[in-house]
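These are the residues of each chain, in order.
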Amino acid sequence: MKFPAMLAFVALFATFIYFPVCHMVWSGPGALMADLGVLDFAGGIVVHITAGFAALLSCIMVGPRKENKMAPHSLPLTVTGAGMLWVGWFGFNAGSAAASGALAASAMLVTQVSAATATLVWMIQDWIQDGKPTMLGAATGSIAGLASITPAAGFVGVPGALFIGLAGGIICRWFALTVKTKYAYDDSLDVFGVHGMGGFLGTILCGVFCSEVFGGNQGAVSIVNQVGVQTLCSVATVVYTLAATWLILKGIEKTIGLRVTDGDELVGLDAAEHGEVSYIDTRPEPRRSHVSVPSRSMTKLPTRDGFDVTFRNEGGARDR
């Protein structure tokens, strides 16, 4: 997506999707979903469903990259970012209590339980399916558990958090790997599979585990009625988000344009859109060998990461 198009989309998404849904869920008496009795403690509907389903439609309308390896750019940075998110999520969920007290402490506890459970569940599935547990899977699983518990963090107890983390680790992984592979949409950060479906799943399950029967704090709430309300509001948000996102993207496509040119994509968006590069090769020039290399020959040298670096030699000139 073009950088100006991205900026326009962010502004329009916030104005016409996030703010209205935020009002409908959290504005108290007189707000549509609040009057229905929906439970969304920290943004399962408001943040994750809206962002996840908008991302899915954006992936489809913009289209996949020409070269898409779906591999992490840097696994250490991925794990570092996941750890920062995990710690930050305590503020995201526990902070939604708006005070330091028992509710905030409970929200923080169930956030940790769900995230840890989903991390293990995702890792174990990798182990069973591929023969090895992966750090990338564990990191992604942790975010699935965090996203899934978000709407329920202030309403469920530890038993609910365990089940939500378990379900999130299974369902989100299926969408992030199996469904994405089958339909070939280019969701590189699994915003739909992890955040969208995690928020959707957690919102529905909140209707079950908020009951005192399962350790929740909503008393003898009717599980059937509450699940119905949670499902209705979740589905309504999906429909509204998809419709609004389609209109926004169509408007941008007709004016600014959505996608960069093939040439810009080949060069790289850092260089094409911003005139800079992320990494500069500062390695020293290799020593010249006393062995002469024939003109226009191709020489492959092994590197630490296992890939070959090819040098073309033309009368002493070297290109990489």
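Let me begin by describing the structure that accompanies this report. The structure presented is a predicted model; accordingly, all values stated were derived computationally and were not measured.

Re the overall build of the protein chain
No. 1: Tallying secondary structure elements over the protein chain gives 11 helices and 3 strands in all.
No. 2: For the protein chain, the α and β elements follow one another from N to C terminus as α-α-α-α-α-α-α-α-α-α-α-β-β-β.
No. 3: Split into buried and exposed, the 320 residues of the protein chain put 41% on the buried side.
No. 4: In the protein chain, the share of contacts with a sequence separation of at least 24, taken over all contacts with a separation of at least 6, comes to 69%.
No. 5: Accessible surface, the protein chain: about 17,400 Å² in total, of which carbon and sulfur atoms supply 66%.

Topic: the packing of helix H3 (residues 44–62) against helix H9 (residues 223–255)
No. 1: For the pair H3 and H9, interaxial distance at closest approach is 9 Å and the crossing angle is 45 degrees. Compared by their axis directions, H3 and H9 come out oblique. In the packing of H3 onto H9, the handedness of the crossing is right-handed. Packed against H3, whose contacting residues are Ile-45, Ile-49, Thr-50, Phe-53, Ala-54, Leu-57, Ser-58 and Met-61, the element H9 presents Cys-233, Ser-234, Thr-237, Val-238, Thr-241, Leu-242, Thr-245, Trp-246, Leu-249 and Lys-250 at the interface.
No. 2: Across the contact of H3 with H9, the residue classes tally to 11 nonpolar, 6 polar and 1 charged.

Some details on the nonpolar core
No. 1: Grouped together as the largest cluster of nonpolar side chains are 22 residues, with contacts concentrated most on Phe-41, Ile-149, Ala-152, Phe-155, Ile-164 and Leu-205.
No. 2: Put simply, the parts of the chain that give this core at least two residues each are helix H5 (102–130), helix H7 (158–183) and helix H8 (191–209).
No. 3: With 21 residues, the next largest nonpolar core counts Met-33, Ile-45, Tyr-185 and Phe-192 among its residues.

Some points on the packing of aromatic side chains
No. 1: Under the counting rule described, the total for this entry stands at 11 aromatic pairs.
No. 2: Both rings, one in Phe-175 and one in Phe-192, keep their centres 5.7 Å apart while their planes meet at 85 degrees; by these two values the pair is edge-to-face. Of this pair, Phe-175 sits in helix H7 while Phe-192 sits in helix H8, and the two are 17 residues apart along the sequence. Here Phe-175 matches Phe-192 in class, with each residue buried.
No. 3: Clustering of aromatic rings is evident, with ring pairs tying together Phe-53, Trp-174, Phe-175, Tyr-185, Phe-192 and Phe-200.

Points about the side chain of Thr-111
No. 1: Examined against the element boundaries, Thr-111 turns out to sit in helix H5.
No. 2: Take Thr-111: its relative accessible area is 0%, and that puts it in the buried class.
No. 3: Leave out the neighbours within four places in its chain, and Thr-111 touches Trp-89, Phe-90, Asn-93, Leu-146, Ile-149 and Ala-153.

So, how was this worked out
Residues numbered from 1 in each chain as written. Predicted model: local features only at pLDDT ≥ 70, side-chain atom pairs only at ≥ 80, totals over all residues. Heavy atoms only, no water. Helix = DSSP H or I, 4+ residues; strand = E, 2+ residues; numbered from the N terminus. Buried < 20%, exposed > 50% of the residue type's maximum accessible area, 1.4 Å probe, protein only. Contact = heavy atoms within 4.5 Å. Areas by Shrake-Rupley, 256 points an atom, 1.4 Å probe, with all protein chains shown as cover. Axes fitted to C-alpha atoms, helices over the stretch in contact; angles between N-to-C directions. Parallel < 35°, antiparallel > 145°, perpendicular 65-115°, else oblique. Left-handed = near helix turned anticlockwise from the far one by under 90°. Nonpolar A, V, L, I, M, F, W, Y, C, P; charged D, E, K, R; others polar. Core = buried A, V, L, I, M, F, W, Y, C linked by side-chain atoms within 4.5 Å. Phe/Tyr/Trp six-rings, centres within 6.5 Å; stacked < 30°, edge-to-face > 60°.

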